[in-house]
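Chain by chain, the residues run as shown.
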Amino acid sequence: EAGVAQSPRYKIIEKRQSVAFWCNPISGHATLYWYQQILGQGPKLLIQFQNNGVVDDSQLPKDRFSAERLKGVDSTLKIQPAKLEDSAVYLCASSHYTGTWGSGANVLTFGAGSRLTVL
Amino acid sequence: QQQVKQSPQSLIVQKGGISIINCAYENTAFDYFPWYQQFPGKGPALLIAIRPDVSEKKEGRFTISFNKSAKQFSLHIMDSQPGDSATYFCAARGETSGSRLTFGEGTQLTVNP
């Protein structure tokens, strides 16, 4: 099966500019996650969608970050305006999770990530 | 608390040796403990996972040991190979924590030939 697709792979912007990242999850996966991975740290969940609804956005800095999942498939994560501390890899992941955990739903498949550098 | 603490930060092992990475957690509601492996330029990939009703799980050269009373779990890589050189993350999840995976800080493993 095709993996999780993300673009762009790399982006360099000036602080206060805006940026958008796109994710196409594995076909049929109901749940989509955006994680932020700062260099030298573990991934941190920003937002979780189940189909096209938000399940958890408690750690999303909503004053500058926004995300949507149109039609329950692709998703876009936007940062506006960007700060220096937003420099990180933004990872998209998907899973079969539909509200009940089971062996397949536990597995998160990650994309390769989008590396953002804010100057 | 949602933290998962991982050690060591980095680890160098000779080929054929045993690599051991440790994690500790605080939230007793966690009920699923995966380990992810990440190569440079790639996203993390699930390596092996365990639930707290068992004390050990083995898949090939990879073993998770789980100590529920101590709230600790560890990854053992037997017969470590240069191809195992990567960053390893432990993680934990519990349905009461919003079903999110909480990751440790990562361990950069280098296996020398």
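Here the structure is a predicted model, which means the values were calculated and not measured. (Residues numbered from 1 in each chain as written. Chains lettered and ligands numbered in written order. Predicted model: local features only at pLDDT ≥ 70, side-chain atom pairs only at ≥ 80, totals over all residues. Heavy atoms only, no water.)

*Asks:* Would you explain the confidence of the model for chain B in this entry?
*Replies:* Predicted coordinates in regions of low pLDDT should not be interpreted in detail. Confidence in the prediction of chain B, expressed as mean pLDDT, is 92, and 94% of residues score 70 or more. Of all helices and strands in chain B, the one with the weakest mean pLDDT is strand E10 (residues 101-103) of chain B (90), whereas strand E8 (residues 72-77) of chain B scores best (98). (pLDDT = per-residue confidence, 0-100. Helix = DSSP H or I, 4+ residues; strand = E, 2+ residues; numbered from the N terminus.)

*Asks:* Any chance you could explain the pattern of salt bridges here in plain terms?
*Replies:* For side chains bearing opposite charge, pairing can occur when the charged atoms are close. This structure, assessed with the given rule, holds five salt bridges over all chains. As a salt-bridge pair, Asp-57 of chain A and Lys-62 of chain A come within 3.7 Å of each other at their nearest N and O atoms. The partly exposed category is assigned to Asp-57 of chain A, whose relative accessible area is 26%. Across the pair Lys-57 of chain B and Glu-59 of chain B runs a salt bridge whose closest N-O atoms are separated by 3.6 Å. In this structure Glu-59 of chain B comes out as partly exposed when scored by relative accessible area, which is 37%. (Salt bridge = Lys/Arg side-chain N within 4 Å of Asp/Glu carboxyl O. Buried < 20%, exposed > 50% of the residue type's maximum accessible area, 1.4 Å probe, protein only.)

*Asks:* Is there a simple way to think about the interface of chain A and chain B in this case?
*Replies:* When the parts of a complex come together, some accessible area is lost, and that lost area is often taken as the interface size. Taken together, the contact pairs 21 residues of chain A with 19 residues of chain B. Linking chain A to chain B there are three residue pairs in polar contact (both at pLDDT 80 or more). The set of elements that each furnish at least two residues to the side of chain A that touches chain B consists of strand E4 (31-37) and strand E5 (44-50) of chain A. Of the residues contributing to the side of chain A that touches chain B, the split by class is ten nonpolar, nine polar and two charged. (Contact = heavy atoms within 4.5 Å. Polar contact = N/O pair within 3.5 Å; in protein donor to acceptor, adjacent residues only side chain to side chain. Nonpolar A, V, L, I, M, F, W, Y, C, P; charged D, E, K, R; others polar.)

*Asks:* Even after reading the chapter, I still don't get the sheet that holds strand E3 (residues 19-24) of chain A, so can you show me in this structure?
*Replies:* Picture the strands of a sheet paired through backbone hydrogen bonds; they go either parallel or antiparallel. Residue and element names in this part refer to chain A. Taking strand neighbours across the sheet as the criterion, the four strands line up as E1-E3-E8-E7 in an open arrangement whose pairing is antiparallel. Each edge of the open sheet carries a strand with a single partner, namely strand E1 (5-7) and strand E7 (65-68). Between one strand axis and the next, the sheet turns by 15 degrees as a mean value, whatever way the strands run. In the sheet, E1 pairs with E3 via three bridges, with the strands oriented antiparallel. For Gln-6, the partnering residue across the bridge sits in E3 and is Cys-23. (Pairing = 2+ DSSP bridges. Axes fitted to C-alpha atoms, helices over the stretch in contact; angles between N-to-C directions.)

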